[in-house]
Amino acid sequence: LVSLLTLLVSFSVHAATKISPEFSDQIDWRQFEGTTLNVLFSIHPWQEAIEPLIPQFEELTGITVRLTTLPEGAFMTKISADMTAGTFGFDVFMSQYYDAPKYALENWTASLDPFFEDTDLTDPDWYDWEDFFPGARAVATVGAPHRDRIAITSEAQVLVYRKDIFEELGLQAPETFDELLAVAQAIEKGTDLYGITIRGAENLWWPLYGVVRSFGGKYVDLVDYTSKINTEESRAGVDMYLQLLQFTPPGVTLFDWDEINTAMLTGRAAMILDSSVIYPRLQDPERSAVVGNISVAPFPAGPAGRIGHSHYWSISMSPGSANQEAAWLFLQWATSKQIQFELAMKGVLAPRDSVWQDPRFMAQFPADFTEGVSLSLQTAVISPANIRFFEMVDILRAEVQNAFLSGQTPDLASVDAEWNKILQELKPTN
């Protein structure tokens with residue numbers, strides 16, 4: 001309760017502060033005038049929102065930006081293929097933290113630490129690294145001890161629910177997982193809707209991670225390279241997830257992001273526990289049957305607190321760039337409070353706390369959304385990514401699905417054994 005009150009007080013204090021439109025005058029933005037930067041973006045809402053702003057950067061700096069955009073699949077393939085062949089011709093590129101361990105191992109991303117520390121290139125007070133949410137700062141060092149990427153978007157697990165159904169049944173937004181389970185059961189008893197929709201297919205590991213962490217568990221410890229999936233706390237988190245699956249629509253083991261979206265958009269389910277990025281879709285009258293009947297609550301608390309999962313796209317610099325100083329000015333500009341605020345006003349949610357506290361942004365969205373997502377982001381964590389991460393979480397996915405379909409207790413000991421074998425193979429020898 002004390003921590004929640006502290007956050008709410010912080011929220012109200014910051015709410016009166018608007019982000020200044022001015023860029024720092026402590027660095028010379030035109031020191032690389034005449035340089036041309038080659039930039040590679042994946043087609044994405046962030047790319048679509050920032051592309052029209054790039055002429056502002058060119059006017060500010062005198063640097064020309066030559067932009068290439070590709071669909072995500074082709075984008076990821078090009079980075080890997082060109083980096084491997086030594087033909088990657090871009091100074092700056094979008095990145096994802098799941099791939100950070102491989103990119104760092106292969107030396108596909110440059111260390112940004114020297115640029116952060118160079119006062120000729122960076123105004124630390126203006127840039128304000130601590131303004132990024134904790135999960136966003138953690139993204140920067142997922143693959144290496146140095147920062148090699150900066151978050152450009154933010155998503156956090158939140159609870160989205162049908163406020164009309166809650167009002168009809170006299171229900172309150174659940175604060176804890178026990179309350180969430182009870183509410184899901186009450187909805188199924190009192191309506192013809194399914195209580196909740198959550199992922200049960202290939203990517204169930206993503207929302208499951210937040211539940212496990214909130215129960216005091218974790219997937220792995222990458223300090224000593226050991227599995228933690230079979231601890232008492234992790235088992236309790238998995239058990240809660242399995243209990244919630246009991247109140248989902250039929251065929252849930254085939255439900256990933258699109259399917260849980262559809263269940264909520266069409267009004268089949270009364271709650272969804274997943275990424276905050278779904279919210280604009282639910283309020284789009286061309287896509288949603290529940291417009292006007294949606295509310296957002298923070299991620300529920302477990303025995304260890306409110307520890308949801310978060311996701312961030314990021315932006316990186318090529319180690320082969322001949323224009324790294326100019327590239328850093330672009331990264332700094334693109335991830336500044338000023339630009340992140342402009343993008344947020346277009347609906348691309350920012351990884352910076354100050355944007356969420358700016359009254360102009362708060363006025364763009366209902367208070368339940370801004371407060372619910374902001375509170376969730378304050379404590380949200382990122383996945384413990386590693387070179388074989390997706391192989392490992394697929395082992396867990398299979399066991400959770402088997403337990404749900406069979407009605408048996410999941411054999412997390414076997415998952416633990418397989419994970420430990422993989423982790424021992426990954427453990428550094430020196």
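Since the structure is predicted, the reported quantities are computational estimates derived from the model, not experimental observations.

**Student:** What is the right way to read the environment of I43 from this model?
**Tutor:** Residue position: I43 is located in the loop between β1 (36-42) and α2 (45-50). Given the relative accessible area of 42%, I43 is considered partly exposed. With 32 residues separating them in the primary sequence, I43 and F75 have C-alpha atoms 8.4 Å apart. Once residues lying within four places of it in the same chain are set aside, the contact partners of I43 are E48, T69, L70 and P71.

**Student:** Looking at this model, I keep getting lost on the pattern of salt bridges. Mind explaining?
**Tutor:** Charged atoms that come close allow side chains of opposite charge to pair. Considering all chains together, one arrives at 15 salt bridges under this definition. With a closest N to O distance of 3.7 Å, K102 and E106 form a salt bridge. A residue is classified by how much of its surface remains accessible, and K102, at 38% relative accessible area, is partly exposed. For R397, the salt bridge identified is with D394, shortest N-O distance 2.9 Å. Taken together, the residues span about one helical turn, with R397 and D394 both in helix α20 (residues 389-406) at a distance of three residues.

**Student:** Is there a simple way to explain the confidence of the model for the protein in this structure?
**Tutor:** It should be kept in mind that the predicted coordinates are not to be read in detail where pLDDT is low. On average, residues of the protein score 93 in pLDDT, and 96% of them are at 70 or above. For the stretch residues 1-16, pLDDT sits under 50, and the model shows 16 contacts to residues farther than four places along the chain or on other chains.

**Student:** What is the right way to read the packing of helix α11 (residues 205-214) against helix α12 (residues 232-245) from this model?
**Tutor:** The relative placement of two packed helices is expressed as an angle between their axes plus a distance between the axes. For the pair α11 and α12, the least separation of the axes is 8 Å and the interaxial angle reads 130 degrees. Classified by the angle between their axes, α11 and α12 sit oblique to one another. Between α11 and α12 the crossing geometry is right-handed. Along its contact with α11, which presents P207, L208, V211 and V212, the element α12 presents S234, G237, V238, M240 and Y241. Split into classes, the residues belonging to the contact of α11 with α12 amount to seven nonpolar, two polar and no charged.

**Student:** Is there a simple way to think about the packing of aromatic side chains in this case?
**Tutor:** Geometrically, a pair of aromatic rings is defined through the distance of the ring centres and the angle of the planes. Counted under the stated rule, the structure contains 36 aromatic pairs. Between the aromatic rings of W29 and W126, the centroid separation amounts to 5.7 Å while the plane-to-plane angle is 85 degrees, which identifies the pairing as edge-to-face. Of this pair, W29 sits in the loop between α1 (2-14) and β1 while W126 sits in helix α7 (residues 124-127), and the two are 97 residues apart along the sequence. Exposure remark for W29: the relative accessible area of 6% places this residue in the buried category. We classify W126 as buried; its relative accessible area is 13%. Ring plane angle 75 degrees and centroid distance 5.4 Å describe the contact between F177 and F299, whose orientation is recorded as edge-to-face. With F177 in helix α10 (residues 177-190) and F299 in the loop between β9 (294-297) and β10 (310-311), this residue pair connects regions lying 122 residues apart in the sequence. Judged by relative accessible area, F177 falls into the buried class, the value being 1%. Taking relative accessible area as the criterion, F299 reaches 0% and is therefore assigned buried. Put simply, the rings of F23, W29, F115, F116, W126, Y127, W129, F132 and W328 pair up and form one aromatic cluster. Positioned over the ring face of F116 is R147, at 3.8 Å from the centre of the ring. The ring of Y127 carries the charged tip of R352 above its face, separated from the ring centre by 4.9 Å.

**Student:** How should the pairing of β9 be read in this particular structure?
**Tutor:** Residues in a regular strand point their side chains to alternate faces of the sheet. A two-sided burial pattern is seen for β9, the buried positions comprising I294 and V296 on one face and S295 and A297 on the other. The pairing of strand β5 (residues 155-162) with β9 spans four bridges and is antiparallel. Of the residues in β9, the one forming a bridge with Y161 is S295.

**Student:** What am I meant to see in the environment of Q172 here?
**Tutor:** Position of Q172 relative to the elements: it lies in the loop between α9 (163-169) and α10. Residue class for Q172 comes out exposed when judged on its relative accessible area of 64%. Along the backbone, Q172 and V183 are eleven residues apart, and their C-alpha atoms lie at a distance of 8.4 Å. When near neighbours in sequence (up to four residues on either side) are disregarded, Q172 contacts F166 and V183.

**Student:** Honestly, unusual backbone geometry in this entry has me stumped. Any pointers?
**Tutor:** Generally, phi is negative for residues other than glycine and the peptide bonds are trans, each holding for most cases. Residues other than glycine seldom take positive phi values, yet D128 does so here, at roughly 60 degrees. You can see D128 is positioned in the loop between α7 and α8 (134-139). D128 gets classed as partly exposed once you look at its relative accessible area, which sits at 24%. Its identity is not glycine, yet Y225 carries a phi of approximately 55 degrees, on the positive side. Structurally, the position occupied by Y225 is in the loop between β6 (220-221) and β7 (226-227). For Y225, a relative accessible area of 18% corresponds to the buried category.

Reading the values: rules and limits
- Residues numbered from 1 in each chain as written.
- Predicted model: local features only at pLDDT ≥ 70, side-chain atom pairs only at ≥ 80, totals over all residues.
- Heavy atoms only, no water.
- Helix = DSSP H or I, 4+ residues; strand = E, 2+ residues; numbered from the N terminus.
- Buried < 20%, exposed > 50% of the residue type's maximum accessible area, 1.4 Å probe, protein only.
- Contact = heavy atoms within 4.5 Å.
- Salt bridge = Lys/Arg side-chain N within 4 Å of Asp/Glu carboxyl O.
- pLDDT = per-residue confidence, 0-100.
- Axes fitted to C-alpha atoms, helices over the stretch in contact; angles between N-to-C directions.
- Parallel < 35°, antiparallel > 145°, perpendicular 65-115°, else oblique.
- Left-handed = near helix turned anticlockwise from the far one by under 90°.
- Nonpolar A, V, L, I, M, F, W, Y, C, P; charged D, E, K, R; others polar.
- Phe/Tyr/Trp six-rings, centres within 6.5 Å; stacked < 30°, edge-to-face > 60°.
- Lys NZ or Arg CZ within 6 Å of the ring centre and 35° of its normal.
- Pairing = 2+ DSSP bridges.

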